[in-house]
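# Observations on the model geometry
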Amino acid sequence: MNRKTCIVIGAPVQDGTGRLGCDMGPSAFRAAGIGPALQSLGYQVLDRGNLSATARPARSHPNPAIRSLAEIAGWTETLAAEVHEASTLGMPIVLGGDHSLAAGTLSGHARHAAEAGRKLFVLWLDAHPDLHTLESTESGNLHGVPMAYALGLPGFSGYFPPLSTPLDPARVCMMGLRSVDPAERRRLVELGIRVHDMRAVDENGVGTLLRDFLDEVARQDGILHVSLDVDFLDPDIAPGVGTTVPGGATFREAHLIMEMLHDCGRVTSLDLVELNPFLDDRGRTARLLVDLTASLMGRSVLDRPTRSF
Ligand code: MG
Ligand code: MG
């Protein structure tokens, strides 16, 4: 992959949530300057525009709560193909859209990693593990299932596209969790996923926790996918999301994570998800996400212009 090229992919997915608005996410990221921010750091930016989902036949599921199954399965197919291809050209940066899109980005990037003979690790920054299966989801909102699908958990066959390369749960690290359903909690333990909830963050600091994980990625010469859900951040600094959970990451914690990710030099793809511009405060959350992306891509704090909000 060409490390100096970013492939920006708009994924206006909103059917995975219970409310409208996430389809405006890609436009908000562009209006907040994601392209120029990357260019100013020396990257060539290829913006693929906004995708639309492959049409898939509707199929009902025994779980009556599930909504928009065909739509999300279609997005998964579209995004897996797009991210797989983009991964050979540069670093895919997927502008969501709700978190259901990670079913496609994770599976597409995992397939690329397998073909390149690399071990794929995932850093999941989210208040939620999104580890429901089609059977266990009670809300029926499919932004709660992408991690379960990407890990190859049972029950997706015939409903979602076939998964060529499941993630290894031993290579997944989740940080910021503070809203976990009982079925997800059991699964996290069974799978042995590395989990750092907000209590662990408070007790140890994000730097210590993240360094352990990044050291492991380096030991195994891995590559890293980062999936950043807006609700990872505290709602006070990032109000533009439909699933606010109090007690999220602070501005400094989030920037420190991004700066450490840049220093590790192993991040090969990124999801920016769950931004709902309809709920945002004059673009504040979109701008914060763009600034965090810039930190991840190499902007240092000393370069930050002073400005008023
Ligand atoms: Mg999520
Ligand atoms: Mg979330």
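Before reading on, note that the structure itself is shown above.
Quick look at the structure, then. A quick note: this is a predicted structure, and the numbers were derived from the prediction, not measured.

Rules and cut-offs
- Note on numbering: residues in each chain are counted from 1, in written sequence order.
- Going through the entries in the order they are written, you letter the chains from A and number the ligands from 1.
- Totals for whole chains, interfaces and linings use every residue, but because this is a predicted model, local features are given only for residues with pLDDT of at least 70 and side-chain atom pairs only at 80 or more, for both listing and counting.
- Note that water and hydrogens are dropped before the side-chain values are worked out from all heavy atoms of the structure.
- Numbering of helices and strands starts at the N terminus; helices are DSSP runs of H or I of at least 4 residues and strands are runs of E of at least 2.
- The cut-offs for exposure are 20% and 50% of the maximum accessible area for each residue type, with area from a 1.4 Å probe on protein chains only; residues under the lower value are buried, those over the upper are exposed, and the others partly exposed.
- This count recognises Lys and Arg as positive and Asp and Glu as negative, with His and chain-terminal groups excluded.
- Every case where a carboxyl oxygen of Asp or Glu lies within 4 Å of a side-chain nitrogen of Lys or Arg is listed as a salt bridge.
- Polar contact is the term for a pair of N or O atoms within 3.5 Å; when the atoms are in protein, one must be able to donate a hydrogen and the other to accept it, and sequence-neighboring residues count only if both atoms are side-chain atoms.
- We call two residues in contact when some of their heavy atoms are within 4.5 Å.
- For Na, K and Ca the donor cutoff is 3.2 Å, while for all other metals N, O and S atoms count as donors only within 2.8 Å; water does not appear among the atoms, so some sites may look incomplete.
- Expected span of a helix, by definition, is 1.5 Å for each gap between consecutive residues, and there is one gap fewer than residues.
- Of the grid points, spaced at 1 Å and generated over the protein atoms alone, those admitting a 1.4 Å probe that cannot get out make up cavities, while open sets with protein on both sides within 12 Å along at least five of seven lines make up pockets; any residue with an atom within 4 Å of a point is treated as lining.
- Grid points are joined across faces, edges and corners, and a volume is the space filled by probe spheres set on the points.
- Three categories are distinguished: nonpolar for Ala, Val, Leu, Ile, Met, Phe, Trp, Tyr, Cys and Pro, charged for Asp, Glu, Lys and Arg, and polar for the others, with Gly belonging to the last.

### A few points about the side chain of Glu-274
- With respect to the helices, strands and loops of the structure, Glu-274 is situated in the loop between β8 (267–273) and α10 (284–296).
- Although Glu-274 is buried, it makes no salt bridge; Arg-19 carries the closest opposite charge, 8.9 Å away.
- Among the polar contacts listed, one links the side chain of Glu-274 to the backbone nitrogen of His-99, at a separation of 2.8 Å.
- What Glu-274 contacts, discounting residues up to four positions off in sequence, is Thr-17, Cys-22, Gly-97, Asp-98, His-99, His-143, Asp-229, Val-230, Gly-240 and Val-241.

### Regarding the coordination of the magnesium ion (ligand 2)
- The magnesium ion (ligand 2) binds to the protein through Asp-126 (OD), His-128 (ND1), Asp-229 (OD), Asp-231 (OD) and Asp-231 (OD), with metal-donor distances spanning 2.0 to 2.6 Å.
- Here the donor residues of the magnesium ion (ligand 2) share one chain and are spaced in sequence as D-x1-H-x100-D-x1-D.
- Taken as an interatomic distance, the gap from the magnesium ion (ligand 2) to the magnesium ion (ligand 1) is 3.1 Å; Asp-126 donates to each of them.
- Since its relative accessible area comes to 0%, Asp-126 is described here as buried.
- By relative accessible area, which is 16% here, His-128 ends up buried.

### Focus on helix α8 (residues 206–219)
- Look at α8: 20 Å from first C-alpha to last across 14 residues, which is about the 20 Å you get at 1.5 Å a residue.
- Along α8, the positions that sit buried rather than exposed are Val-206, Gly-207, Leu-209, Leu-210, Phe-213, Leu-214, Glu-216 and Val-217.
- Turning to α8, the residues buried within the fold contact β4 (120–125), β5 (172–177), β6 (194–197), α7 (198–204), β7 (223–229) and α9 (251–264).
- At the exit of α8 stands Asp-221, carrying a positive phi of roughly 50°.

### Considering the layout of surface pockets
- Empty space within the largest pocket amounts to approximately 320 Å³.
- It is helix α6 (residues 182–191) that provides the largest number of residues to the lining of the largest pocket, a total of 3 residues.
- Each residue belonging to the lining of the largest pocket can be placed in one class, and the counts come to 3 nonpolar, 10 polar and 8 charged.

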